[in-house]
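Descriptive structure summary
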Amino acid sequence: MLRLENVHAHYGKIRALNGVGLEVEEGRIATLIGANGAGKSTTLKTIVGWTRANQGSISLNGEDITRLATHKIVARGVALVPEGREVFGDMTVMENLEMGAFLRRDAAAVKQDAVRVFELFPILAERRRQKAKSLSGGEQQMLAISRALMTDPKLMLLDEPSLGLAPKLVKAIFDTLREINRQGVTLFLVEQNALMALKLAQRGHVLVKGAITACNDSQVLLSDESIRRTYLGLD
Ligand code: ATP
């Protein structure tokens, strides 16, 4: 579904990505793990065109999207849930969801998707008239995921959805991500919480200094000794 080939991305002289190659298969959950500053966020930003690839190519269902404008990439069914959530604080929950559906013309389907979002996250239905900035961190993360769902994505990219959340909430959010995937959305998840991410995903990629050093079924990575030591804090 998604394929990156030899993708390079620089911020001035800083080389954040140095030839990233990876593939995400349709219908699955894949994860990208790596240390601070490895280039995980940059990988996601480059896929949606926030950061431009200096070299290499990105394709979606066999079509090149490397130089497409972000709104065109979104229109093709790719949604990013950014790090730090970035919900619109002064807008209500409902208004945030409407922003997610901004590019869509299918009013009936949009309404249907709002119902689906409230089924996934009932707490957001209760808070629908509340300003987003008054929500807890976990609720804001739910709203960020929901806003992305309102674009009707085929592929959802998530940047550290577990960041700053208590373990119980992380589990609840990851359970919902599994359900979203079951409903047909392919997920590509960037995480520092490598253990949770590999348990959720079927496929894992390890990013070191802007390049992929390992890619395998999550079960294989979870039992790999050097991965356990470096990324999972386990012996
Ligand atoms: P973290 O887990 O800490 O968020 P990451 O793996 O997501 O890290 P990136 O945020 O992609 O890593 O950063 C990769 C490299 O690019 C880092 O060296 C970072 O300092 C640098 N970088 C990221 N964004 C910018 C920017 N806007 N301008 C300059 N350098 C940047």
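Above this text sits the structure in question.
Quick look at the structure, then. Since we're looking at a predicted model, the values are computed, not measured. (Residues numbered from 1 in each chain as written. Predicted model: local features only at pLDDT ≥ 70, side-chain atom pairs only at ≥ 80, totals over all residues. Heavy atoms only, no water.)

1. Topic: the site of the ligand
Note the cut-off: If a single non-hydrogen atom of a residue is within 4 Å of a molecule or strand, that residue counts as near it. N or O atoms within 3.5 Å of each other form a polar contact, as long as, within protein, one can give a hydrogen and the other can take it, and as long as residues adjacent in sequence are counted only when both atoms are side-chain atoms. Surface accessibility in these figures is a Shrake-Rupley result with a 1.4 Å probe; residues are shielded only by whichever protein chains are displayed. Strands here are runs of E lasting at least two residues and helices are runs of H or I lasting at least four, both read from the DSSP assignment and numbered beginning at the N terminus. Under the convention adopted here, Pro, Cys and the residues Ala, Val, Leu, Ile, Met, Phe, Trp and Tyr are nonpolar, Asp, Glu, Lys and Arg are charged, and Gly plus all remaining residues are polar.
In the neighbourhood of the ligand, 14 residues make up the surrounding shell, with Asn36, Gly37, Lys40, Ser41 and Thr42 lying closest. One of the backbone nitrogen or oxygen atoms of Gly39 is found 2.9 Å away from an oxygen atom of the ligand. Measuring from an oxygen atom of the ligand, one finds a side-chain N or O atom of Glu160 at 3.5 Å. About the coverage of the ligand: the protein hides 64% of its 630 Å² of free accessible area. Residue assignment for the shell around the ligand shows that the elements contributing at least two residues are strand 2 (14–24) and helix 1 (40–47). The element that contributes the greatest number of residues to the shell around the ligand is helix 1, accounting for 3 residues. Class assignment for the residues of the shell around the ligand results in 5 nonpolar, 6 polar and 3 charged.

2. Notes on the pairing of strand 7 (residues 155–159)
Note the following rule: Only protein chains enter the area calculation, which uses a 1.4 Å probe; residues under 20% of their type maximum are buried, those over 50% are exposed, and those in between are partly exposed. Two strands qualify as a pair provided DSSP detects at least 2 bridges between them. The path from the first strand over the helix to the second decides the hand: if it runs clockwise while the strands point away from the viewer, the crossover is right-handed.
Most of strand 7 is tucked away, with 5 of its 5 residues classed as buried. Relative to strand 7, strand 6 (residues 78–81) runs parallel, the two being bridged by 4 bridges. Its bridge partner being in strand 7, Val78 is matched across the sheet by Leu155. Traced from strand 7 through helix 7 (residues 167–182) to strand 8 (residues 186–191), the parallel crossover comes out right-handed.

3. Some thoughts on the packing of helix 3 (residues 93–100) against helix 6 (residues 137–149)
The description of two packed helices rests on the angle between their axes and on the distance between the axes. The line we're drawing: Note on method: axes are straight lines fitted to C-alpha atoms, helices fitted across the in-contact stretch only, with angles between N-to-C directions ranging 0 to 180 degrees. Crossing chirality is assigned from the near helix's rotation relative to the far helix, an anticlockwise turn below a right angle marking it left-handed and a clockwise turn marking it right-handed. Note on definitions: a residue-residue contact is assigned when non-hydrogen atoms from the two residues lie within 4.5 Å.
Two elements in contact, helix 3 and helix 6, have axes separated by 7 Å at closest approach and are oriented at 35 degrees. The chirality of how helix 3 crosses helix 6 is right-handed. Contacts from Val93, Asn96, Leu97 and Gly100 in helix 3 reach Leu143, Ser146 and Arg147 in helix 6.

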